[in-house]
Amino acid sequence: MTEFWLISAPGEKTCQQTWDKLMGATTGTSNLSINNKFNIPDLKVGTLDVLVGLSDELAKLDTFVEGVVKKVAQYMADVLEDSRDKVQENLLANGVDLITYITRFQWDMAKYPIKQSLKNISEIVSKQVTQIDNDLKARASAYNNLKGNLQNLERKNAGSLLTRSLADIVRKEDFVLDSEYLITMLVVVPKTGYPDWQKTYETLAEMVVPRSSKLVFEDNESGLFSVTLFRKAVDDFKHKARENKFTVRDFQYNEEEMKADKEEMARLSTDKKKQFGPLVRWLKVNFSEAFIAWIHIKALRVFVESVLRYGLPVNFQAMLLHPHKKNMKKLREVLYDLYKHLDSGAAIIDASMDIPGLNLSQQDYYPYVYYKIDCSLLDFKV
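The following refers to the structure shown.

Criteria and thresholds
Residue positions are given per chain, counting from 1 as you read along its sequence in written order. Given that the model is predicted, a residue must reach a pLDDT of at least 70 before its local features are reported, and side-chain atom pairs must reach 80 or more before they are shown or counted; all residues, however, enter totals for whole chains, interfaces and linings. Values shown for side chains rest on all heavy atoms present in the structure; no hydrogens or waters enter the calculation. Only protein chains enter the area calculation, which uses a 1.4 Å probe; residues under 20% of their type maximum are buried, those over 50% are exposed, and those in between are partly exposed. Numbering of helices and strands starts at the N terminus; helices are DSSP runs of H or I of at least 4 residues and strands are runs of E of at least 2. Between any two strands, pairing holds if DSSP finds at least two bridges. Throughout, a residue-residue contact means that at least one pair of heavy atoms, one from each residue, lies within 4.5 Å. We count a salt bridge whenever a side-chain nitrogen from Lys or Arg sits within 4 Å of a carboxyl oxygen from Asp or Glu.

What follows deals with the pairing of strand S9 (residues 316-323). When you tally the buried positions in S9, you get eight out of eight residues, the bulk of the element. Side chains of S9 alternate between two faces, with Phe316, Ala318, Leu320 and His322 and Gln317, Met319, Leu321 and Pro323 buried alike. In terms of strand pairing, strand S1 (residues 3-10) meets S9 through six bridges, oriented antiparallel. Bridging across to S9, Trp5 finds its partner in Leu321. In this structure, strand S2 (residues 33-37) lies alongside S9, joined through five bridges in antiparallel fashion. Bridge pairing in S9 links Ile34 to His322.

See below:
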């Protein structure tokens, strides 16, 4: 289970009492969830108006940052290609796995100074993650172009003899070169058609050089034969070959072009290898940055929403619950019983109702502050 519930409830006489009450109701014999305190520092509250506006902005920022976190994770999987099983071990936050990071969450004072206003902190996050998003687009575009060009060349050098590049198959000695009158052609013949080819190729057109055909290369389905004839007979030969189910490949032996193709492929392959390491390092670092930013946004949302719901002075306990999958419904009921006194109408409020400052449109509303954190960030299972 990678789903966590980040909730808060007002402090009773002390915040510790709130924590003890939750633990008593959800752990031990009931065994509904594994819980951790979620430490949020003393942030600057500001005015109520600012908090109401910030609540909506943070909801949008939460969605945006989560999207960037997922994009970086997914692109890491794309880049690692055959090593997709290694993806999870590269998706770390501050050098630890994601579950460890959120269950032991500590506010990063250096990145997000708490002397700043809440709005400023959210703007720092927004700026940082927008930069990551833009950099990702640029890096992904450059790497994908390189990868695409290399794949196109590799595709040309693979596949059936009817379509693949012949440059790495043929040799100079397979051709009559620099002759004013003669030309060597290459013909793809199905394996079942070898006897027919041997019987008929000399008579497919006038001016075919007798006994000039050689098998140059073969794959599972067919063979590539060379045949030499006079230039003036080329059109006639192609036409007759087609009638006999032999495919003439348009190919001219050009050493310069073939060399250039091979060099281009080697260059692209080297470039891809060179870019791979730095790109994976960049993805690891920026995944960590984006994920850390995302969890700080969750902390900001809990803080803002708790002040709006429970009032001042700031007195609430934030708690991270890791529900056991089979007990989620029961856990929801226990939490409701525990906190229904906070808002008697909470159970009947429809999630689609829009109440300013509480941002209910995107999620269910409960008498306690609640946000879901889902750490399964990839579209595929490794």
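Secondary-structure assignment places Ser222 in strand S7 (residues 222-230). Given the relative accessible area of 8%, Ser222 is considered buried. Residues in contact with Ser222, not counting those within four places in the same chain, are Leu161, Val188, Val189, Pro190, Lys191 and Tyr194.

In the structure shown here, the tally under the stated rule is 23 salt bridges. Across the salt bridge formed by Lys111 and Glu289, the nearest N and O atoms sit 3.5 Å from each other. Within this pair, whereas Lys111 is found in the loop between helix H4 (98-103) and helix H5 (118-156), its partner Glu289 is found in helix H8 (residues 255-310), the two being separated by 178 residues in sequence. On the basis of relative accessibility, which here comes to 26%, the residue Lys111 falls in the partly exposed class. According to the relative accessible area criterion, Glu289 is partly exposed, its value standing at 21%. Measuring nitrogen to oxygen at the nearest pair gives 3.2 Å for the salt bridge that ties Asp168 to Arg164. With relative accessibility at 44%, the residue Asp168 sits in the partly exposed group. Judged by relative accessible area, Arg164 falls into the buried class, the value being 11%.

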